[in-house]
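# Reading the structure
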Amino acid sequence: MNRQLIVAGNWKMNKNLIEAFSLASEILAKAKKMSDKVQIVLAPPAPYLHTINSMSKDIAHVNIAAQNCHFETSGAYTGEISAEMLHSMNITYVILGHSERRKYFQEDHKILAKKVSAAIKAGVKIIFCCGEPLEIREANTQESFVLQQLEESLFHLTEAEMKQVVVAYEPIWAIGTGKTASPSQAQDMHQFIRKQIATKYTTELADACSILYGGSCKPSNAAELFAQKDVDGGLVGGASLKSEDFLQIIQKRAKQA
């Protein structure tokens with residue numbers, strides 16, 4: 001397996017300026033000494049992107065992600081940030097399709113497809129989130145639900161473009177609830193997603209695509225999740241706001257590399 005192992009920390013709308021730079025400094029100081037088998041991605045709030053990117057530039061296995069971008073390249077969109085702006089700042093990734101963006105900002109499949117295209121065109125890699133709410137899981141229709149997300153927002157990409165995408169599976173019912181999908185539930189969905197990528201594109205591309213787990217990944221469950229064949233890493237929320245917790249998760253991913 002040649003897939004890139006990735007642990008990404010999504011800070012969401014947390015940390016003031018001093019707290020953010022302090023957290024980044026703590027993580028980066030330790031990251032310098034850590035194995036480069038695991039790619040570390042930090043997704044701080046937008047005002048801190050440039051500085052934290054500069055702080056991390058000498059550590060090859062650390063990359064920075066934005067939490068969102070607009071689908072237009074420029075224009076009268078007050079408060080928005082374009083993928084081209086991110087590219088001009090040398091930001092490596094943008095997170096798209098996160099359940100919170102879908103829920104609170106009404107981002108549907110069509111809007112996300114446009115954002116995905118804009119990011120690829122600008123040369124920014126994507127961490128694309130997909131996943132189902134509790135009622136879908138309880139109805140056992142999660143596979144068709146996630147497939148629709150992939151088909152309508154991601155599968156318009158060419159094979160070459162799709163190589164710039166990392167997929168993050170986030171069972172919405174396990175985000176911030178303290179619930180976690182069992183390792184076998186996570187594995188089943190990751191395997192399903194990989195199979196759909198293979199069907200749409202090629203087995204080679206699917207085998208090379210990193211698929212992260214994004215539902216309450218923390219030090220206590222990381223090793224068990226990362227032991228699953230198709231779980232290549234984590235998109236970490238709450239646990240990424242404490243350097244010790246986040247670094248422990250990275251170490252657990254490195255141990256099983």
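Nothing here was measured: the structure is a model prediction, and the numbers come from that model.

### Points about the pairing of strand S8 (residues 233–236)
Side-chain alternation along S8 places Gly-233 and Leu-235 on one buried face and Gly-234 and Val-236 on a second face that is also buried. Looking at chain direction, strand S1 (residues 5–10) and S8 are connected through 4 bridges and run parallel. When the sheet's bridge partners are listed, Val-7 is paired in S8 with Gly-234. Taking the sense of rotation as the criterion, the β-α-β connection linking strand S7 (residues 211–213), helix H11 (residues 219–226) and S8 turns out right-handed.

### Remarks on the sheet that holds S7
Strand order around the closed barrel formed by 8 strands is S1-S2-S3-S4-S5-S6-S7-S8, with parallel pairing between neighbours. Neighbour to neighbour, the strand axes of the sheet diverge by 30 degrees on average, direction disregarded.

### Quick word on the pattern of salt bridges
With the rule as written, the count across this model stands at 8 salt bridges. A salt bridge links Arg-3 to Asp-230, with the nearest nitrogen and oxygen atoms 4.0 Å apart. Taken together, the residues Arg-3 in the segment before S1 and Asp-230 in the loop between H11 and S8 connect sequence positions 227 residues apart. Neither residue differs from the other here; Arg-3 and Asp-230 are each classed as buried. Taking the shortest distance from any N to any O, the salt bridge between Glu-107 and Lys-115 comes out at 2.7 Å. The class for Glu-107 is buried, based on a relative accessible area of 6%.

### Re the side chain of Gln-196
Following the sequence through the fold, Gln-196 ends up in helix H9 (residues 183–200). Those residues within four positions of Gln-196 in sequence are excluded, and the remaining contacts are Leu-147, Leu-150 and Phe-155.

### Focus on the packing of aromatic side chains
Counted under the stated rule, the structure contains 3 aromatic pairs. Judged by centre distance (5.8 Å) and plane angle (70 degrees), the rings of Phe-21 and Tyr-48 are edge-to-face. Remark: Tyr-48 occurs in the loop between strand S2 (38–43) and helix H2 (49–56) and Phe-21 occurs in helix H1 (residues 17–31); sequence separation between them is 27 residues. Judged by its relative accessible area of 21%, Phe-21 falls in the partly exposed class. The ring of Phe-105 has Arg-101 sitting right over it, with the charged end atom 4.0 Å from the ring centre. We note Lys-200 situated over the ring of Tyr-201; from NZ or CZ to the ring centre the distance is 5.9 Å.

Basis of the calculations
Residues numbered from 1 in each chain as written. Predicted model: local features only at pLDDT ≥ 70, side-chain atom pairs only at ≥ 80, totals over all residues. Heavy atoms only, no water. Buried < 20%, exposed > 50% of the residue type's maximum accessible area, 1.4 Å probe, protein only. Helix = DSSP H or I, 4+ residues; strand = E, 2+ residues; numbered from the N terminus. Pairing = 2+ DSSP bridges. Right-handed = clockwise from strand over helix to strand, strands pointing away. Axes fitted to C-alpha atoms, helices over the stretch in contact; angles between N-to-C directions. Salt bridge = Lys/Arg side-chain N within 4 Å of Asp/Glu carboxyl O. Contact = heavy atoms within 4.5 Å. Phe/Tyr/Trp six-rings, centres within 6.5 Å; stacked < 30°, edge-to-face > 60°. Lys NZ or Arg CZ within 6 Å of the ring centre and 35° of its normal.

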